[in-house]
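Each chain, letter by letter, is given below.
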Amino acid sequence: MNALTVPNGVAVALFGIALSAAFCDIHWTKKNCIILAVGSAAMLLMQALITYMDSWTAMQEMYPLITHLPLAIILSVLSGKWLWPTISVLAAYLCCQLRRWVALLIIAMVPGINWLQPAVEIVVTLPLLAVLLRYVAPAARSFARYPRSMQLLFGVVPLAGYLFDYVTRIYTDLLAQGNQAAVEFMPFVCSVAYIVFVLRVSAEERTRGQLEQTRNNLKLQVGQAVREIEALRTSQQQTRAYRHDLRHHLQYISACIENGRGEQAQEYIQSICSEIEASKVTTYCENEAANLIFSSFAGRAESCGVPLNIQAHIPQLISVAETDLCVLLSNALENALRACRRMKAENGPAYIEVTAREKNGHLFLQFVNPCPEGIQFENGLPVTHAEGHGIGVRSICAIVEKYKGLSDFSVQDGRFILRVSL
């Protein structure tokens, strides 16, 4: 113990208190600041009394009871929580090691000066605290709003470091003796923490990917629903127009009959029937949802001048959910129609062939359309770097994976072929 030991002890105590408080999600009102200041003063006073009445070593041994525990209690009261304030105290204690390592680095370059280590630790206290408050504390505070399981995961390493330091340095001299278990303990903890961290991050990435896929599917479903609503709205407007003009149509037909122009009346009636027929949903199979999707894309394909040939035998009751069927058909047809538009722009062939059937509880789908050259594949899936594209393929794969089915994307003789089995 030298002349700088006590000032360094005060510096590290204030460093830990300030950092622990900064790590907590506390609204620092004037009242809360006063409570922390009074509590800090009381803890420093208790340290001074024990050092004066007994020894510096005794004070270090009692440090968890006279400093860390009261600090955790104060922060718990101010924040209304107990877990994260406790972890904050442990994390701040771990950060105190940064002061020590900076000092050890300086000592390694300038050996033989006993007072240099505490002097360096005192000098770097404020700059290091400022850096941690500026860049680390905001991120640490955000953990206070995380689930307890995540907080506990974050607190494993600080707790292990805290126990290791006191067991091997303060209460025993196992580390100084080179005890193998003591030497290997922290590397073991770090390796275990790393493995747990990797597993946790991987699980969260999978969950995030599933949520993103769900969001994309919902987006596609909403888009398809909007198109269906627009189709129904158009049909309703045409029906309203026919109802409004029905009297005029009947008058014209009546006039044709009265004037002996029966063939002209027949032609007029057939033209009206054709327009009405074109506005209704075409029946391709027994499944109503599939008919809606097929009819919607048939209209879009016709407006683009793309022949759409559909051979469908899908019953009303199938093992695939209606929403999943709609997303699957919509994505496949949307991609095929987009490719045909591109082919037409390049004066190439444009057509779409759809085959759909159900057998023994399994649904089989095939989509064929011409495609440009140079389609790239990664892991058997077509890839594109165009913004906003590629979501359809991911949605199809997600549905196939959901039902543990099979999908195959391929290019044969200038034709893009998608086969799905669910």
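Student: Account for the overall build of the protein, naming residues and giving values.
Tutor: If you tally the helices and strands in the protein, you get 12 helices and seven strands. Here the protein, with 422 residues, has 37% of them falling under the buried criterion. In the protein, of all internal contacts separated by at least 6 residues, the share reaching a separation of at least 24 is 67%.

Student: Give a detailed account of the pairing of strand β3 (residues 362–370), specifying residues and quantitative values.
Tutor: Taken together, the seven bridges between strand β2 (residues 352–359) and β3 define a ladder with antiparallel strand orientation. Across the sheet, the residue bridging to V354 is F367, located in β3. In this antiparallel pair of consecutive strands, β2 and β3, the connection spans two residues, and N360 shows a positive phi of 55 degrees. Sheet topology places β3 next to strand β7 (residues 415–421); seven bridges connect them, and they run antiparallel. For P370, the partnering residue across the bridge sits in β7 and is R415.

Student: Pulling in residues and values, what's your account of the UniProt feature "transmembrane region" (unreviewed entry) in the protein?
Tutor: Within this numbering scheme, the UniProt entry marks residues 6–26, 33–53, 65–84, 91–113, 119–137, 149–165 and 185–203 as carrying the feature "transmembrane region" (unreviewed entry). End C-alpha atoms of residues 33–53 are separated by 30 Å, and the span's content is 100% helix alongside 0% strand. Strand forms 0% of residues 119–137 and helix 100%; the C-alpha atoms that close the span are 26 Å apart.

Student: Mind laying out the environment of S407, listing which residues take part and the relevant values?
Tutor: Within the element layout of this structure, S407 appears in strand β6 (residues 406–412). The exposure class of S407 is partly exposed, given its relative accessible area of 31%. Here the alpha-carbon distance between S407 and L365, two residues 42 residues apart in the chain, equals 9.4 Å. Not counting residues within four places of it along the chain, the set of residues in contact with S407 comprises V400, R419 and V420.

Student: Go over the side chain of E121 with me, naming the residues and quoting the values.
Tutor: As for its position among the elements, E121 is in helix α5 (residues 116–142). Taking relative accessible area as the criterion, E121 reaches 7% and is therefore assigned buried. Dropping the residues within four chain positions of it, E121 is found in contact with N8, R99, R100 and A103.

Student: I'd like a description of helix α11 (residues 322–345), backed by residues and values.
Tutor: An ideal rise of 1.5 Å per residue puts 34 Å on 24 residues; α11 measures up with 34 Å between its terminal C-alpha atoms. Downstream of α11 by a residue or two, N347 has a phi angle that is positive, lying close to 60 degrees.

Student: Give me the lowdown on the sheet that holds β6, citing residues and values where you can.
Tutor: Spatial ordering of the open sheet is given by β1-β2-β3-β7-β6, a layout of five strands whose pairing is mixed. Strands at the two margins of the open sheet, each flanked by one partner only, are β1 (308–313) and β6. Neighbouring strand axes in the sheet, compared pairwise and without regard to direction, differ in orientation by 10 degrees on average. Across the sheet, helix α10 (residues 288–304) lies against β1 and β2, angled at about 170 degrees from β1, the strand it touches most. In the packing of α11 onto the sheet, contacts are made with β1, β2, β3 and β7, and the angle to β3 comes to roughly 10 degrees.

Student: Provide a residue-level description of the state of the cysteines, including the pertinent values.
Tutor: With the rule as written, the count across this model stands at zero disulfides. For C371, which is in no disulfide, the shortest distance to another cysteine sulfur is to C340 and amounts to 9.8 Å.

Student: Now, about the pairing of β6: what can you tell me, with residues and values included?
Tutor: Strand direction decides the pairing type here: β6 and β7, joined by seven bridges, are antiparallel. Considered in β7, the bridge of D408 is made with R419.

Student: Explain the pattern of salt bridges to me, and be specific about the residues and the numbers.
Tutor: Tallied over the full model, the rule gives nine salt bridges. With a shortest N-O distance of 3.6 Å, E121 and R99 are connected by a salt bridge. A residue pair is termed long-range when its members are at least 10 positions apart, and E121 in helix α5 and R99 in helix α4 (residues 83–109) qualify at 22 residues. Side by side, E121 and R99 carry an identical accessibility label, which is buried. Salt bridges sharing partners connect three or more residues here, namely R100, D165 and R169.

Student: Tell me about the packing of aromatic side chains, and name the residues and values.
Tutor: Scanning all chains against the criterion turns up 11 aromatic pairs. When the centroid spacing of 5.4 Å and the interplanar angle of 40 degrees are considered together, the rings of W84 and F154 count as tilted. Here W84 is found in helix α4, whereas its partner F154 is found in helix α6 (residues 148–170), with 70 residues between them in sequence. On the basis of relative accessibility, which here comes to 31%, the residue F154 falls in the partly exposed class.

Student: How would you sum up the packing of helix α1 (residues 5–23) against α4? Please name residues and give values.
Tutor: Interhelical geometry of α1 versus α4 gives an angle of 135 degrees and a closest axis separation of 8 Å. Our classification of the angle between α1 and α4 gives oblique. Of the two possible hands of crossing, α1 and α4 adopt the one that is right-handed. Counting all contacts with α1, which are made through N8, A11, V12, F15, G16, L19, S20 and F23, the residues of α4 involved are W84, S88, V89, A91, A92, C95, C96 and R99. Within the contact of α1 with α4, the residues separate by chemical class into 11 nonpolar, four polar and one charged.

Student: Before we move on, could you go through the environment of Q151 and cite the residues and values that matter?
Tutor: With respect to the secondary-structure elements, Q151 resides in helix α6. Separated by 64 residues in sequence, Q151 and I87 place their C-alpha atoms 7.9 Å apart. With near-sequence residues (within four places) excluded, Q151 lies in contact with L83, W84, I87, F143, A144 and Y146.

Student: Describe unusual backbone geometry, with residues and values.
Tutor: Even without glycine at this site, N360 takes up a positive phi of about 55 degrees. Within the secondary structure, N360 sits in the loop between β2 and β3. Owing to a relative accessible area of 67%, N360 belongs among the exposed residues under this scheme.

What counts, and at which threshold
Along every chain, residues carry numbers that run from 1 in the direction the sequence is written. With the structure being a predicted model, the display of local features is reserved for residues of pLDDT at least 70 and the display and counting of side-chain atom pairs for 80 or more, all residues being used for whole-chain, interface and lining totals. The side-chain numbers reported here are obtained from all heavy atoms of the structure, hydrogens and water having been left aside. We count a stretch as a helix when DSSP gives it H or I for four or more residues in a row; a strand needs E for two or more, and each element gets its number in order from the N terminus. Throughout, exposure labels follow a simple rule: accessible area from a 1.4 Å probe, protein chains only, divided by the maximum for the residue type, with under 20% read as buried, over 50% as exposed, and the rest as partly exposed. Here, two residues are considered to be in contact whenever any of their heavy atoms come within 4.5 Å of each other. Two strands qualify as a pair provided that DSSP identifies no fewer than 2 bridges between them. UniProt positions are given in the numbering used here, feature names are shortened, and annotations may be inferred rather than shown by experiment. Here the expected span of a helix is defined as 1.5 Å times the quantity of residues minus one. Between N-to-C directions, angles span 0 to 180 degrees; the directions come from axes that are lines fitted to C-alpha atoms, helices contributing only their stretch in contact. In plain terms, two cysteine sulfur atoms within 2.5 Å form what is called a disulfide here. Whenever a carboxyl oxygen of Asp or Glu lies within 4 Å of a side-chain nitrogen of Lys or Arg, that contact is scored as a salt bridge. Each pair of aromatic rings taken from Phe, Tyr and Trp, with Trp reduced to its six-membered ring, is defined by centres within 6.5 Å and is described as stacked if the planes are under 30 degrees apart, edge-to-face if over 60, and tilted in the remaining cases. Throughout this description, any angle smaller than 35 degrees is read as roughly parallel, any larger than 145 degrees as roughly antiparallel, any in the 65 to 115 degree range as roughly perpendicular, and the remainder as oblique. Take the far helix as the reference: if the near one is turned anticlockwise from it by less than a right angle, the crossing is left-handed, and if turned clockwise, right-handed. Here the term charged refers only to Asp, Glu, Lys and Arg, the term nonpolar to Ala, Val, Leu, Ile, Met, Phe, Trp, Tyr, Cys and Pro, and the term polar to all other amino acids, Gly among them.

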